[in-house]
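Tertiary structure, described
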Amino acid sequence: MAAAGMAAIAASPAFAQEEEASGPLDVSANVGVYSDYRFRGVSLNLEDFAVQGGIDLSYAVSDSVSFYVGNWNSNLNKNAGYGNTEVDLYAGATGKVGGLGWKLGGVSYLYPNQSNVDYYELQAELNGTVGPVTLAGGTFIAPKQVNYGNKTGKYFYTNASIGVPNTPVTLKASLGHEDNAFFNNKLDWSLGASVSWKVLTFGVSYIDTNRTVPYTQGGSLRDAADGTVVFNLTATF
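What counts as what
In this convention, every chain numbers its residues from 1, walking through the sequence in written order. Only residues with pLDDT of at least 70 get local features here, since the model is predicted, and only at 80 or more are side-chain atom pairs given and counted; chain-wide, interface and lining totals rely on the full set of residues. Note: side-chain values were computed over all heavy atoms of the structure, leaving out hydrogens and water. Take a side-chain nitrogen of Lys or Arg and a carboxyl oxygen of Asp or Glu: if they are within 4 Å of each other, that pair is a salt bridge. Here a strand is any run of E in DSSP of at least two residues, a helix any run of H or I of at least four, and the numbering for each starts at the N terminus. Residue exposure (1.4 Å probe, protein chains only): buried if accessible area is under 20% of the type maximum, exposed if over 50%, otherwise partly exposed. Here, strands pair whenever DSSP counts at least two bridges between them. Remark: nonpolar core denotes a set of buried residues (Ala, Val, Leu, Ile, Met, Phe, Trp, Tyr, Cys) joined through side-chain atoms within 4.5 Å. Geometry of aromatic contacts follows a simple scheme: Phe, Tyr and Trp rings, the Trp one being its six-membered ring, pair when their centres are within 6.5 Å, and the pair is stacked under 30 degrees between planes, edge-to-face over 60, tilted otherwise. Whether a charge sits over a ring comes down to the Lys NZ or Arg CZ being within 6 Å of the ring centre and within 35 degrees of the ring normal.

**Quick look at the pattern of salt bridges**
For the coordinates displayed, the defined rule picks out seven salt bridges. For R38, the salt bridge identified is with D226, shortest N-O distance 3.2 Å. In this pair, R38 sits in strand β2 (residues 38–39) while D226 sits in the loop between β15 (220–223) and β16 (228–236), placing the two residues 188 residues apart along the sequence. The salt bridge involving R40 is made with E121; its shortest N-O contact spans 2.9 Å. Linking R40 in the loop between β2 and β3 (42–43) with E121 in strand β8 (residues 119–130), this pair joins segments that are 81 residues apart in sequence. The buried category is assigned to E121, whose relative accessible area is 1%.

Laid out in structure tokens, this is it:
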């Protein structure tokens, strides 16, 4: 498991917000503080604060096709089983055909402080707008890997967002379905909102799953996949 709150609308790991580029090469960076790091509904920080950030580069080869490469990082709670640091490396291509957008790429999830847990996924996505609503749907496929239980992993996701007219508020929702060596028929979902001001964005989201992931903290049994509210403050440059 790895990568991201509403950043999981991602499910994705938490890539920088897209900005209009002034030329073919665009560089952006992001940093944020989160009240919890939820990846596909499961806390990888055992319900504690996380500091996250990364850098993204994209190059437009035409008006409709761009290539991208990036890095994203987060601290973890080592008791979650992945060490205390996550480093994501990703690359791919995006484009548009008519009014429909597409994305093809891959993500490597690296854990420098833990052995035999690194893995990678391939991503495919379609996205577009219907009236004022932005919609996206796609899949992450993890081919058979020793560190991933030697079973093909599949994660399907869909998300939607809409800006509230004449305000800096954006409403968001997501739904994901996961099948792999660790989860069978697992669902995760989220509802949230964000407010932007200049380079800053404040977000709040409710995240939940249909699974239980128990862990012990302070002598009591807790659930890393229970419903929770996640707050975050991020800056994008």
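**Here we look at the pairing of strand β7 (residues 100–110)**
Of the two faces of β7, only the one carrying G101, K103, G105, V107 and Y109 is buried; L100, W102, L104, G106, S108 and L110 on the other face are not. The sheet contact formed by strand β6 (residues 85–97) and β7 spans eleven bridges and is antiparallel. From the neighbouring strand, T94 faces β7, where its bridge partner is K103. Of the pairings in the sheet, the one linking β7 to β8 comprises nine bridges and is antiparallel in character. Paired with G101 across the two strands is N127, which belongs to β8.

**Observations regarding the nonpolar core**
Membership of the largest hydrophobic core comes to 19 residues, with the highest contact counts inside it found for Y37, Y109 and Y111. Where this core is concerned, the elements lending two or more residues are β5 (65–75), β7, β9 (133–142) and β10 (153–163).

**With respect to the packing of aromatic side chains**
According to the stated counting rule, one finds ten aromatic pairs in the structure shown. Centre to centre, the rings of Y68 and Y90 are 6.5 Å apart; their planes meet at 45°, and the pair counts as tilted. Here Y90 lies in strand β6 and Y68 lies in strand β5, a separation of 22 residues in the sequence. An aromatic cluster is defined as three or more aromatic residues linked by ring pairs; in this entry it consists of F39, Y109, Y119, Y148 and F182. In this structure, R40 packs its charged tip against the face of F140, placed 5.1 Å from the ring centre.

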